[in-house]
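Secondary and tertiary structure notes
What follows is each chain in one-letter form.
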Amino acid sequence: MAFTFLAYFTLFAGVLLFAIGLYNADLELNEKGYYIAVMLLVIVGSILTQKVVRDNAEDDEIIAEQQRKAERNEQL
């Protein structure tokens, strides 16, 4: 639970600090738009990477369990 809270807190704090920095930057509006688009791509990429890693770990557990069941059935 603490790690989940910490992950969400760092995500929102990072987005907030990035938005404040971008608001205060002396850039044209189209340049700010590019930075916002890149920030969104990074957020989506990190979420997808986390999901893929978690799904792969769950798949490994399922495969290991199926192999244990198959070995038990062979022993019988």
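Treat the numbers as computed from the prediction; the structure is a model and nothing was measured.

Side note on the overall build of the protein
The helix and strand tally for the protein stands at 2 helices and 0 strands. Taking 11 Å as the expected radius of gyration for a compact globule of 76 residues, we find that the protein reaches 21 Å, considerably beyond that expectation. Along the longest, intermediate and shortest principal axes, the C-alpha atoms of the protein span 75 × 25 × 5 Å. Taking all 76 residues of the protein together, the buried fraction comes to 5%. A gap of 8 Å separates the mean positions of the 6 positive and 11 negative side-chain charges of the protein.

Overview of the packing of aromatic side chains
In total, this model carries 2 aromatic pairs according to the counting rule given. Ring centres of Phe5 and Phe9 lie 6.2 Å apart, and the angle between their planes is 20°; on these two criteria the pair is classed as stacked. Taken together, the residues Phe5 and Phe9, both in helix 1 (residues 2–24) and 4 residues apart, mark about one turn of the helix. When the centroid spacing of 6.4 Å and the interplanar angle of 20° are considered together, the rings of Tyr8 and Phe12 count as stacked. Of this pair, Tyr8 and Phe12 both sit in helix 1, 4 residues apart, roughly one helical turn. The class for Phe12 is exposed, based on a relative accessible area of 56%.

Some words on helix 2 (residues 29–75)
Between its first and last C-alpha, helix 2 extends 69 Å over 47 residues, near the 69 Å set by a 1.5 Å rise per residue. Among the residues of helix 2, Lys32, Met39 and Ile43 are the ones counted as buried. On its buried face, helix 2 is in contact with helix 1.

Cut-offs applied
Residues numbered from 1 in each chain as written. Predicted model: local features only at pLDDT ≥ 70, side-chain atom pairs only at ≥ 80, totals over all residues. Heavy atoms only, no water. Helix = DSSP H or I, 4+ residues; strand = E, 2+ residues; numbered from the N terminus. Rg over C-alpha atoms; globule rule 2.2 N^0.38 Å. Buried < 20%, exposed > 50% of the residue type's maximum accessible area, 1.4 Å probe, protein only. Lys, Arg positive; Asp, Glu negative; His and termini not counted. Charge placed at Lys NZ, Arg CZ, Asp CG, Glu CD. Phe/Tyr/Trp six-rings, centres within 6.5 Å; stacked < 30°, edge-to-face > 60°. Expected span 1.5 Å × (residues − 1). Contact = heavy atoms within 4.5 Å.

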